[in-house]
Structures are given as structure tokens and as C-alpha cells.
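# Commentary on secondary and tertiary structure
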Amino acid sequence: MPGIATTDHAEILRRPGRGGLRAALLRWTFIALALTFLGGLLFAPLAVIFGTALGRGLPQAVAIFADTDTRAAVQLTLLVAVIVVPLNTLFGIAAAWAIAKFEFAGKSLLITIIDLPFAVSPVISGLVYVLLFGAQGVFGQWLIERDIAIIFALPGIVMATMFVTFPYVARELIPLMQQLGNDEEEAAITLGAGGLMTFVRVTLPKVKWGLVYGIILCNARAMGEFGAVSVVSGHIRGLTNTMPLHIEILYNEYDFVGAFAVASLLTLLALVTLVIKTVVEWRSGSRGS
Amino acid sequence: MAASGGWRQPSILPGFGLTLGFSTFFVSAIVLLPLGALVLRTASMSPADFFATVLAPRALASYRLTFGASLLAALLNAAGGFLIAWTLVRYEFPGRRLVDALIDLPFALPTAVSGIALTAVFAPDGWVGGWLAAQGVQVAYTWSGVVLALTLIGLPFVVRTVQPALVEVARDLEDAAETLGAKPFTIFRRIIFPAVLPALVTGFTLAFARGIGEYGSVIFIAGNLPMRTEITPLLIVIKLEEFDYSGAAALGFMMLLISFVMLLLINTVQAWSRRRLTVGR
């Protein structure tokens, strides 16, 4: 989603003020209303996450990470991200190159398919893999005979996460590369550079911040995915529980400090993601694009 | 298309076959094949079974809640999101940039985390919930809790589509109207609102579509009582836990159908707003 370039805002504010008291009153009413709306919906939940986690002191919050099941959940989440994010990044770059640099029949269909995970419920993203690889699924019998576990095991979790998060890098790169055009790449090729060299030396420097944000967002969503993973994981403690699923278990067991301590870790990840997004927007804004 | 009648325009850039081939293979393996399995499973059901599943009272109640709450949340977001976008674009106040950056939090925050945090705030012993309970209002574990969770999830969609549109509003038209003696509300109604309406409708539709599929943030605050506070995605999960694959597939197929209709609607709305914008210029 495009942010607002600060130059626009400065330009709007520089305009001669009109109004006087009534306008000022209206302005502060609007600001107060907006902040109240956001306060209850956004800021209070954000504060409650850290507040509950640290409610009994930092040592109590950190103690949850000594628990073997929590450690296993953190490790599984990292493992899933390490597999999913590079694959999705590779896909994002490939899809962006094909879509932004070439005109071909079926392009809009490909774009629609890339957008599909945004429109589909995460529960369905998990369900489809259960129907494919579950015990009663299309390949269920075949997999059981060969003793291969996909559902309620790592491969299923990886695939469901991939389904949900594969558009992020592509969606970030496509508009950026389309906007920048092909001229410089064509010049590089004409001068004798190879395809890979052209991408690394010409395209990549131009889109690197967009790529970084796409990867970070993809990573945050991959580590935080709940619905799709919940369906395929089987919730086996210490084995197939990712961090979000572990949060659910701790919460349902009334271990609020533990649940919110693990949630704090994912919230910090989300906040870092937002910081990087802001930096990326600031960078692309200051370049004058 | 290419003048030679080929399916792609000639280009001197390399890597078309490789990148398109890989992308197509990837989306086929990750998205199309699994979705095919869902359609196949549904198609193998007898029509009587299919309709008995998707028209069961419990399923119908879940559609009502899922749609009703999504619609209400999207309406709330259209109002609140417009107000927030307006405040962020038109006014300066301490912390504006921080607030602006935090609008995207529901995108980046795991849905389960949003869910437990909202529940903690709005439960009868929570910060806001306690105050509401004193007024005799309960939000958590009722349908209004579902609306609340979906409002949080949909908020960035409205704010982020309306913001650029508000920036684009032609300020010289506002000045001209004011010079001609128009009252502030008239300027808003006749100049600002029509210019922002397409973006507002797009944001509303996006928030609505997102709400229908949402699962993680809702199930903690909903209470999940069958017929009362049970959303359709949860009903699918319950069917799966009962190993009723066909029932889950049928409900999933219904939701998929709805998603396609929503996608079509979004595209139509966006095409309409593009037309409106070009005519307006």
C-alpha cells in the first residue's frame, strides 16, 4: 500500500490557514475523535500485549522461553521462515521480471492468481492441502503406504505458509519495476551484459528497498500465520506447533503472561517491519520518485 | 499484442522463458493444484449432500454472522477510516507520523496476537471492557466482538486507499468555492466527498472482503457458540476436526465462490473509480 509522501503533506500545511476559532475547534474535535477510535482499537491492544507480558516483571516473561515446548515452537517458526521466505523471494523476483519487463497473453490472469491468497480465507489455504495430502485426501492412501507425512508435519506447514505469503515480494516489486521502465536494462543488454549481470547491476540497485520491504513483510506474515497453519498442523506440542499456535495453547490454558510474552516477540517483529517500511518510503520519497 | 501475431511482444531483454516458466510452475503447484483438489472434492459430492451441508441451519447462521459482521465492520471502517485519513492528511499534531506509521500494524501483526490482545482489552475485566461492562455493554464473546475484530483487521485498507485520494483533492477548487461563498460543509459535500468517494468505496470493499475470510483475530473474542457467534471459517475447521472432509470442502467451496464474487466486485469498483476520476479531470 502506498504511503503518503511527506512533501505532499508539507505542501498542504503550508497553505494559508483560514478559519479562526471554529476551524480550530473542528480540527481538534477531529483529531480527538480519530485518536479515540485508534486508541481503543489499535493502541490499547498494542499496550496490553507488552503490559501483560511484563506485568509480573521481565524475568517472569523471559522464563517462558526456557520451556521446551516454547523453544520448539520458536525453532519451528524459524525453520518454516527459512524455507518459505527464500522460495517466495525467488518467485517474487521471477514473477516481477516476467510481468514488469514483458508483454504477453495471459499476463492479467497471472496477476489475478498472484492476488488470490489475499482474497481467500486462510482457513481455506490450509483446507486445500488437507484435501490433497490428508488421510482421506487425493494422495492420502499413496502417502500412507509410503509412510510419508505431509499433513500434521513440517511439509504441510511449509506449504500452507507458502500459499498465504507468496504474493508479498511479487506485489512489492511489480509496480516498482513497471514504473521504472526497461530503458536502462535494454541499454545494458545492448552493451553486451548478460541477463543475470543486468539484473544484479542495473535492476537490483533500483528496486532493492522495495525488495527488502517485500521480504521483511513476507517474513513477518510467514512467522505470524495462524489460520492456514492451524488447519494443517495438528497442534502436536513440541512438534508441529508454531509460535502463533503456541500462543493460542498458552492463552487457552490461562497462562496469559506466557501467551503475551511469546506474542510480544512477534509484535516486536511486526513493529520492526513497520519501521523498515517507513524507512523504505522515506528513501524512495527522498529520491524524488 | 505482437504485430507478428505471437502471444508476446518481442523484447531484447532475456529471461522471459525462465522467469515466466518458474512463476507459472510455482503458482500451479502452490495455488492451482490445491484449489483444484477443493473443487474436485466438492464435485464428487451428490447434489443432495452438498446442499444439505451448505444450507444446514448452523451453516446459514454462520454466513449471516460472517457477512453481517464484515459489512458492519467495513461500514465502521468507512466512517472511522475516513476520519483518520482526513486527520492525518489535513492536520498537524504531535505524533502524527508515528500514528501514520502504526496504521499498518494490523497488516504486520499476526492475527492470533491481534485476537488475544483485543480480547484482553475488551473482556469484562479489561481496560475498555471493564468500563463498557459498567455501562451494561458486553462486547467480548458476543457478535459485537466479531465486528470489533474485523474492524481492526480492515482499518488499514480504508485509511491507505483514502489517504492518497485526499492528498489529490484539487485545493484550488476548494478555494474557488470558498471565494464564491460556499460554506465549509457545502465544500465538503460538493467537492471533497465526490473526489474521495471512489477510493472510499474501494477501501470499503477491500475491508469487507478481508473480513469475510478472517479467522485468527476473531475466534478469541467471538465466544464461538454454534448458531450465535460462530463464523464460517471456524465451522470449516470444526468439520475438519470431525474428519468430515466433504463437509469442510463444501463450505470451503462456498467461501471460495464468495471470494471470487468479491474479487470481481473489487475489480468492477476499481474500474468504475478510474473512469470517474478520468471523467472528472
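Conventions used here
- Numbering of residues starts from 1 in every chain and runs along the sequence as written.
- Here every chain gets a letter starting at A, and every ligand a number starting at 1, in the order they are written.
- Given that the model is predicted, a residue must reach a pLDDT of at least 70 before its local features are reported, and side-chain atom pairs must reach 80 or more before they are shown or counted; all residues, however, enter totals for whole chains, interfaces and linings.
- As a convention, hydrogens and water are excluded, and side-chain values are obtained from all of the structure's heavy atoms.
- Under the DSSP-based scheme used, a helix requires at least four consecutive residues in state H or I and a strand at least two consecutive residues in state E, with every element numbered from the N terminus.
- Relative accessible area decides the class of each residue, using a 1.4 Å probe on protein chains only: under 20% of the type maximum gives buried, over 50% gives exposed, and in between gives partly exposed.
- Residue contacts are defined here by distance: any two heavy atoms, one from each residue, within 4.5 Å place the two residues in contact.
- Each of two parts loses accessible area, computed with a 1.4 Å probe, when they are put together; buried area is these two losses added.
- Think of a salt bridge as a Lys or Arg side-chain nitrogen and an Asp or Glu carboxyl oxygen that are within 4 Å of each other.
- Patch definition: residues above 30% relative accessible area lacking any salt bridge, with like charges linked at up to 9 Å and the nonpolar side chains Val, Leu, Ile, Met, Phe, Trp and Tyr linked at up to 5 Å.
- Each accessible area is a Shrake-Rupley estimate made with a 1.4 Å probe; only the visible protein chains count as cover when residues are assessed.
- Buriedness for pockets is judged along seven lines, at least five of which must meet protein on both sides within 12 Å for an open set on the 1 Å grid over protein atoms alone, while cavities are sets there where a 1.4 Å probe fits but cannot get out, and lining residues have an atom within 4 Å of a point.
- Grid points are joined across faces, edges and corners, and a volume is the space filled by probe spheres set on the points.
- What pLDDT reports is the predictor's confidence in each residue, on a scale of 0 through 100.
- Here the axes come from fitting lines to C-alpha atoms, over the contacting stretch only for helices, and the angles between their N-to-C directions go from 0 to 180 degrees.
- Roughly parallel means an angle under 35 degrees; roughly antiparallel, over 145; roughly perpendicular, 65 to 115; everything else is oblique.
- Note on convention: near helix rotated counterclockwise from far helix by under a right angle means a left-handed crossing. Clockwise means right-handed.
- Polarity classes work like this: nonpolar for Ala, Val, Leu, Ile, Met, Phe, Trp, Tyr, Cys and Pro, charged for Asp, Glu, Lys and Arg, and polar for all others, with Gly in that last group.
- In this context, the arc is that of the directions from the helix axis out to the C-beta atoms.
- Pairs were defined over the aromatic rings of Phe, Tyr and Trp, the Trp ring being its six-membered one, requiring ring centres within 6.5 Å. Orientation was assigned from the angle between planes: stacked under 30 degrees, edge-to-face over 60, tilted for the rest.

## Section: the overall build of chain A
The helix and strand tally for chain A stands at 14 helices and 0 strands. Secondary structure elements in chain A, listed N-terminal to C-terminal, are α-α-α-α-α-α-α-α-α-α-α-α-α-α. Across its three principal axes, chain A shows a C-alpha extent of roughly 70 × 60 × 30 Å. Looking at the 289 residues of chain A, the share that counts as buried comes to 50%. Contacts spanning at least 24 positions in sequence make up 72% of the contacts within chain A whose residues lie at least 6 apart.

## A closer look at the environment of Ala 52 of chain B
Its location among the elements puts Ala 52 of chain B in helix α2 (residues 47–54). With 38 residues separating them in the primary sequence, Ala 52 of chain B and Arg 90 of chain B have C-alpha atoms 53 Å apart.

## Examining the interface of chain B and chain A
With 96 residues of chain B in contact, the opposing surface of chain A contributes 95 residues. Buried surface at the junction of chain B and chain A, summed over both partners, amounts to about 8,800 Å²; 80% is from carbon and sulfur atoms. At the boundary of chain B with chain A, the tally comes to 1 salt bridge. Sort the elements by how many residues they give to the side of chain B that touches chain A and helix α1 (residues 16–43) of chain B lands first, with 16 residues.

## Remarks on a nonpolar patch on the surface
Together, Val 138, Phe 139, Trp 142 and Ile 148 of chain A together with Leu 40 of chain B give the surface a local cluster of nonpolar side chains, amounting to about 490 Å² of exposed area. Inspection of the secondary structure puts Val 138 of chain A in the loop between α6 (122–133) and α7 (140–145). The exposure class assigned to Val 138 of chain A is partly exposed, which follows from its relative accessible area of 48%.

## Focus on empty space enclosed by the protein
Rolled over the atoms, a probe sized like a water molecule indicates the empty space that remains. One pass over the full model with this rule turns up 2 cavities of 30 Å³ or more. Counted as a void, the largest cavity has a volume near 70 Å³. Residue lining of the largest cavity: Leu 41, Leu 42, Pro 45, Leu 46 and Ile 49 of chain A together with Leu 105, Pro 106, Leu 109, Ser 114, Ala 117 and Leu 152 of chain B, and that is the complete set. Those elements that provide at least two residues to the lining of the largest cavity are α2 (21–53) of chain A together with α5 (105–108) and α6 (111–122) of chain B.

## Observations regarding the pattern of salt bridges
Across all of its chains, the model carries 17 salt bridges over all chains by this definition. The salt bridge involving Glu 103 of chain A is made with Lys 107 of chain A; its shortest N-O contact spans 3.2 Å. Residue Glu 103 of chain A is classed as partly exposed on the basis of its relative accessible area of 38%. Classification of Lys 107 of chain A by relative accessible area gives buried; the value is 13%. Put simply, Lys 277 and Glu 281 of chain A together with Asp 100, Asp 104 and Arg 160 of chain B are held in one network by salt bridges that share partners.

## Observations regarding the confidence of the model for chain A
Predicted confidence across chain A gives a mean pLDDT of 89, with 92% of residues reaching 70 or more. In this model, residues 1–6 of chain A is a region of pLDDT below 50 whose contacts with residues beyond four sequence positions or in other chains number 14 contacts.

## A look at the packing of helix α9 (residues 171–179) of chain B against helix α10 (residues 184–213) of chain B
Residue and element names in this part refer to chain B. One can describe the packing of α9 onto α10 by two numbers: an axis separation of 10 Å at closest approach and a directional angle of 150 degrees. It follows from the interaxial angle that α9 and α10 lie roughly antiparallel. Like other packed secondary-structure pairs, α9 and α10 cross with a definite hand, here right-handed. Between α9 and α10, the residues in contact are Leu 173, Glu 174, Ala 177 and Glu 178 and Ile 187, Ile 191 and Ile 192, respectively. When its residues are assigned to classes, the contact of α9 with α10 shows 5 nonpolar, no polar and 2 charged.

## Digging into the packing of helix α3 (residues 57–90) of chain B against helix α12 (residues 232–241) of chain B
When two helices pack together, their arrangement is given by the angle between the helix axes and the distance between those axes. All names here are of chain B. Remark: α3 packs on α12, axes separated minimally by 8 Å, with the N-to-C direction vectors making an angle of 145 degrees. Residue-level inspection shows Arg 58, Ala 59, Ser 62, Tyr 63 and Thr 66 of α3 in contact with α12, the latter providing Thr 232, Pro 233, Leu 235 and Ile 238. Class assignment of the residues belonging to the contact of α3 with α12 gives a composition of 5 nonpolar, 3 polar and 1 charged.

## Some points on α9 of chain B
Structurally, the α-helix is built with 3.6 residues per turn, so residues lying three or four positions apart point the same way. Residue and element names in this part refer to chain B. Listed in full, the buried residues belonging to α9 are Arg 171, Glu 174 and Ala 177. Around the axis of α9, the buried residues are gathered within 120 degrees of arc, so they sit on the same side. Exposed side chains of α9 directed beyond 90 degrees from the buried face belong to Asp 172 and Thr 179. Trailing α9 by a residue or two, Gly 181 shows a phi angle of about 95 degrees, which is positive.

## Observations concerning unusual backbone geometry
Residues and elements named next belong to chain A. Even without glycine at this site, Asp 147 takes up a positive phi of about 60 degrees. Mapped onto the secondary structure, Asp 147 falls in the loop between α7 and α8 (154–165). Residue Asp 147 is classed as exposed on the basis of its relative accessible area of 72%. Although it is not a glycine, Phe 152 adopts a positive phi angle of roughly 60 degrees. Within the secondary structure, Phe 152 is located in the loop between α7 and α8.

## Describing the packing of aromatic side chains
Throughout the structure, instances matching the rule amount to 29 aromatic pairs over all chains. Ring centres of Phe 91 of chain A and Phe 166 of chain A lie 5.2 Å apart, and the angle between their planes is 75 degrees; on these two criteria the pair is classed as edge-to-face. Of this pair, Phe 91 of chain A sits in helix α4 (residues 68–101) while Phe 166 of chain A sits in the loop between α8 and α9 (167–180), and the two are 75 residues apart along the sequence. Each of the two residues, Phe 91 of chain A as well as Phe 166 of chain A, counts as buried. Ring geometry for Phe 226 of chain A against Phe 220 of chain B: centres 6.0 Å apart, planes inclined by 40 degrees, an arrangement best described as tilted. Of the two residues, Phe 226 of chain A is situated in the loop between α11 (195–224) and α12 (227–233) and Phe 220 of chain B in helix α11 (residues 216–222); the pairing between them involves two chains. Classification of Phe 220 of chain B as buried rests on a relative accessible area of 8%. One aromatic cluster in this structure is built from Phe 30 of chain A together with Phe 82, Trp 86, Tyr 91, Phe 185, Phe 188 and Phe 193 of chain B.

## What about the confidence of the model for chain B?
When pLDDT is averaged across chain B, the result is 90; 96% of the residues are at 70 or more. When the elements of chain B are averaged for pLDDT, helix α13 (residues 245–280) of chain B gives the smallest value, 83, and α6 of chain B the largest, 96.

## Topic: the environment of Met 262 of chain B
All names here are of chain B. Checked against the element boundaries, Met 262 lands in helix α13. Along the primary structure Met 262 and Phe 157 are separated by 105 residues, whereas in three dimensions their C-alpha atoms are 15 Å apart. With residues near it in sequence (within four places) discarded, Met 262 still touches Thr 205, Phe 208, Ala 209 and Ile 212.

## Comments concerning the side chain of Ser 114 of chain B
Along the chain, Ser 114 of chain B turns up in helix α6. Setting aside its immediate chain neighbours within four residues, Ser 114 of chain B contacts Leu 109, Leu 152 and Ser 217 of chain B.

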